[in-house]
Every structure is written in C-alpha cells, then in structure tokens.
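# Structural characterization, general
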Amino acid sequence: MKLGIVGLPNVGKSTLFNSITKAGAESANYPFCTIDPNVGVVAVPDERLQKLAALYDSQKVTPAVIEFVDIAGLVKGASRGEGLGNRFLANIRECDAIVHVVRCFDDPNVVHVEGSVDPVRDIETINLELIFADLEALEKRMGRTAKLANNDKEAKHELELLKELKAALEAGKPASVVQPDDEEDRKLIDSLFLLTSKPVIFAANVAEDDLQDDGASNPYVASVREYAKESGSGVFVISARIEEEIAELPDDEKAEYLETLGLKESGLDKLIRASYDLLGLMSFLTAGEKETRAWTIKKGTTAPQAAGKIHSDFERGFIRAEVINYQQLLDCGSMAAAREKGLVRLEGKDYVVQDGDTIVFRFNV
C-alpha cells in the first residue's frame, strides 16, 4: 500500500511524515521546506505475527508494509506555478490513497499561509489544485485520443468518457464522482491515475489537549468530519507533535507513554486502521520455521488470488488451500494438533480469504 501525504505548508505534514517514518525529512516553520519528495516505508504493527513466529520459532518475521510519499506543501495557485508549482503532484499519482493533513489547532507561533485557521477552506484550496492538475492531465490525453477518434471506435468511446470526467472536474467535483457500470471503463479511469479519483483520509492535526476525547470538543475537527461525511472520506485525529515525541522513544516505552496521555493507540496505528478500512484491505498470514509473514489483500479476494500475492506460480497451479484461523492455531499449539482436531479446513478456488487466516497453499506447476 502506498499513501501520498498532501497539505498546505505549516499544517504539520512533514512533522507527521518524519514521526511515522523516522525518515528525517526537513521540517521547519516556513513554506517549501520539503524540496524533494520524501519516501518512507513503515511496517504495519500486527501482534499476530510475533505470536505465530514464537510458535514456529521462525528465523524471520516479515510484516506488511505501507509506503508514504511526502510532497512539498501546496499553496493556492500551485497548478499555475505558484510556490513550487504542481510538479510534485506527479509523485503521488500512483499512490493508492491520499492522506490530507489539515491544521485543527491555534498557535500564534506557527504561521498559517492564509493568515487564519479554517480547515474546510484549506481542504477546498488543496482540492482545487488537485482538480486543476487532473484537468491538465486530461486535456493532454484528450488531445491524443481525439486524433484517433474519427477512425477508431474504441478511441471514440474513450473520448466520450474523458469528456465526462472533464465536465465533472470543471464543475468543481472530483473525478471519483464518475462511476461507470462497465468494468473496462472503470479500468480506463484507473489507468489515468487521476489524483481526485483516489480515496482520501483526512488527518486532523490537533493540539495535545484535544487527543483524549478524539477531537470531540474541537470545532475545527467537527467541520472536517462533516466535510468528510459528505465526500465519503475517512478521518482520524492526530497530534503530529505527540507523534514526534513517540517516535523518539524506544519501542518498550511507547505503550507506557501513550498510557500516561490517556491514549490507547498511536496516530500511526490510527492511520493504518483508517487506511485499511477506506481501501477495504486486510491481511492473511503464512507461518513456518523459515518465515512468518503478513500479506495485504483486498477484502473479497479468493484463495487462488491470495496465493498469487506470494508467487504467480501459486495462483497458476493452485490446487487447494489449507486454512485455519490464527487464534485456533495458537490455541492448538501446532498445525499437526489442529489437524487432529479437524480445525484445518481444505478450501478450493471459490473460497474467500478472511482476515487472520493462516494458510498453506498446495499447487502444482
């Protein structure tokens, strides 16, 4: 999974990126301190892996990972070359979703590029720049397609779909509002990598005092939640500064620090959960002496498709899957004991993999 982080300058975007990835992107109280796109890879916390690894005495534990791409703060007019322009937007075109960091705190010591804190205005400023960037990309594609449309039925159909997308964008709506019934049309839209067709998660960046009630008493957060509800987007509340402090602690002290703050989970945990929910993702597990590993898949994935995540040969030569819920496996103490109790199921090509399934794939190529 790959997430692109966007936001206005000085909303806590790079501070958040630094803390969750420990990548050390420069962060400062002025615009454009992130000159080049920063990329960081984060392991998805999953206590199931450690428990299975202990059961098998695995030599290696491989968690699922999320890749974050942090780009320079956008400003009004970025698509026309203001600030650093929109050239950095290309770096997030292939992301699965966009994390939009929104400032929801007052602090006279941290300059706001618009002079005041207004989360919905800030969201709409960024959205407009994404729309402008998508319009530019669409117009280039339409120019090429129009040349073929006179003599090519497929090109003509594509041009009509591009026009529909353009009309939505010109009306100030994201490309995601265009949802054709035809699967090939949906694939075509996906191939355009339009920024406004991507799912969005709003990260409401608050002061420490607003964390304990998850921003319930913060009017800025309330406005973000209302906006997200209307647009079908996800929201999670975070304090980039607290995440920065957590990132500096040894792993064994993080839980204790969260407890002193009255928090059950870190902002990173919230972000991962929100990302998985928004994108409809989950993990199945494989375990053995050599390696215990989590594999991220879409909900609704069949057993052969899940096998293909490991290797294309597994999917091509799929015979069956031996499946057991990880907790049942732990309770039994071994796969052999689980088989004796009849808890290991033999599943075929139509089986839909469930979150937490521990699977052994049988295949023949």
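These notes cover the structure that comes with them.

Cut-off values and rules
Residues numbered from 1 in each chain as written. Predicted model: local features only at pLDDT ≥ 70, side-chain atom pairs only at ≥ 80, totals over all residues. Heavy atoms only, no water. Patch = residues over 30% accessible without salt bridge, like charges linked within 9 Å, V, L, I, M, F, W, Y side chains within 5 Å. Areas by Shrake-Rupley, 256 points an atom, 1.4 Å probe, with all protein chains shown as cover. Salt bridge = Lys/Arg side-chain N within 4 Å of Asp/Glu carboxyl O. Lys, Arg positive; Asp, Glu negative; His and termini not counted. Charge placed at Lys NZ, Arg CZ, Asp CG, Glu CD. Helix = DSSP H or I, 4+ residues; strand = E, 2+ residues; numbered from the N terminus. Buried < 20%, exposed > 50% of the residue type's maximum accessible area, 1.4 Å probe, protein only. Pairing = 2+ DSSP bridges. Axes fitted to C-alpha atoms, helices over the stretch in contact; angles between N-to-C directions. Contact = heavy atoms within 4.5 Å. Parallel < 35°, antiparallel > 145°, perpendicular 65-115°, else oblique. Left-handed = near helix turned anticlockwise from the far one by under 90°. Nonpolar A, V, L, I, M, F, W, Y, C, P; charged D, E, K, R; others polar.

Turning to a negative patch on the surface, a few remarks are in order. On the surface, Asp 252, Glu 253, Glu 256 and Glu 259 cluster together to form a negatively charged patch. Its location among the elements puts Glu 259 in helix α8 (residues 251–260). Judged by its relative accessible area of 63%, Glu 259 falls in the exposed class.

Strands sit in the order β2-β4-β1-β5-β6-β7 across an open sheet of 6 strands; the sheet is mixed. Edge positions in the sheet fall to β2 (38–43) and β7 (234–238), since each has one partner strand and no second. Along the sheet, successive strands turn relative to each other by an average axial angle of 25°, direction set aside. Pairing analysis gives 5 bridges linking strand β6 (residues 200–205) to β7, with the strands arranged parallel. Bridging across to β7, Phe 202 finds its partner in Val 235. Here helix α6 (residues 219–231) sits on the sheet and contacts β5 (97–103), β6 and β7; the angle it forms with β7, its principal contact strand, is near 160°. The strands touched by helix α9 (residues 267–279) within the sheet are β1 (2–6), β2, β4 (65–70), β5, β6 and β7, with β7 carrying the most contacts at an inclination of about 180°.

A few words now on the packing of helix α1 (residues 13–21) against helix α7 (residues 240–247). To characterise two packed helices, one gives the angle between the axes of the helices and the distance between these axes. One way to put it is that α1 packs onto α7 with a least axis distance of 8 Å and a crossing angle of 25°. Of the possible angle classes, the one that applies to α1 and α7 is roughly parallel. Crossing handedness for the pair α1 and α7: left-handed. Packed against α1, whose contacting residues are Thr 15, Leu 16 and Ser 19, the element α7 presents Ala 240, Arg 241, Glu 243, Glu 244 and Ala 247 at the interface. In the contact of α1 with α7, the residues fall into 3 nonpolar, 2 polar and 3 charged.

For the rest of this paragraph, the subject is the pairing of β4. Of the strand pairs in this sheet, β1 and β4 are connected by 4 bridges, and their pairing is parallel. Paired with Ile 5 across the bridge in β4 is Asp 70. When β2 meets β4, the two strands line up antiparallel, connected through 6 bridges. Bridge assignment links Val 39 to a residue of β4, and that residue is Val 69.

For the rest of this paragraph, the subject is the side chain of Asp 122. Among the secondary structure elements, Asp 122 is positioned in helix α3 (residues 119–149). Owing to a relative accessible area of 3%, Asp 122 belongs among the buried residues under this scheme. Dropping the residues within four chain positions of it, Asp 122 is found in contact with Leu 8, His 100, His 112 and Glu 114.

So, about the pattern of salt bridges. Inspection of every chain in the model, using the stated rule, returns 24 salt bridges. Glu 160 is paired through a salt bridge with Lys 163; the nearest N and O atoms lie 3.8 Å apart. In this pair, Glu 160 and Lys 163 both sit in helix α4 (residues 153–170), 3 residues apart, roughly one turn of the helix. You can call Lys 163 partly exposed: its relative accessible area is 40%. Among the salt bridges present, the one from Arg 320 reaches Glu 322, with a minimum N-O distance of 4.0 Å. The buried category is assigned to Glu 322, whose relative accessible area is 6%. Beyond isolated ion pairs, a larger network of salt bridges with shared partners links Arg 320, Glu 322, Arg 339 and Arg 362.

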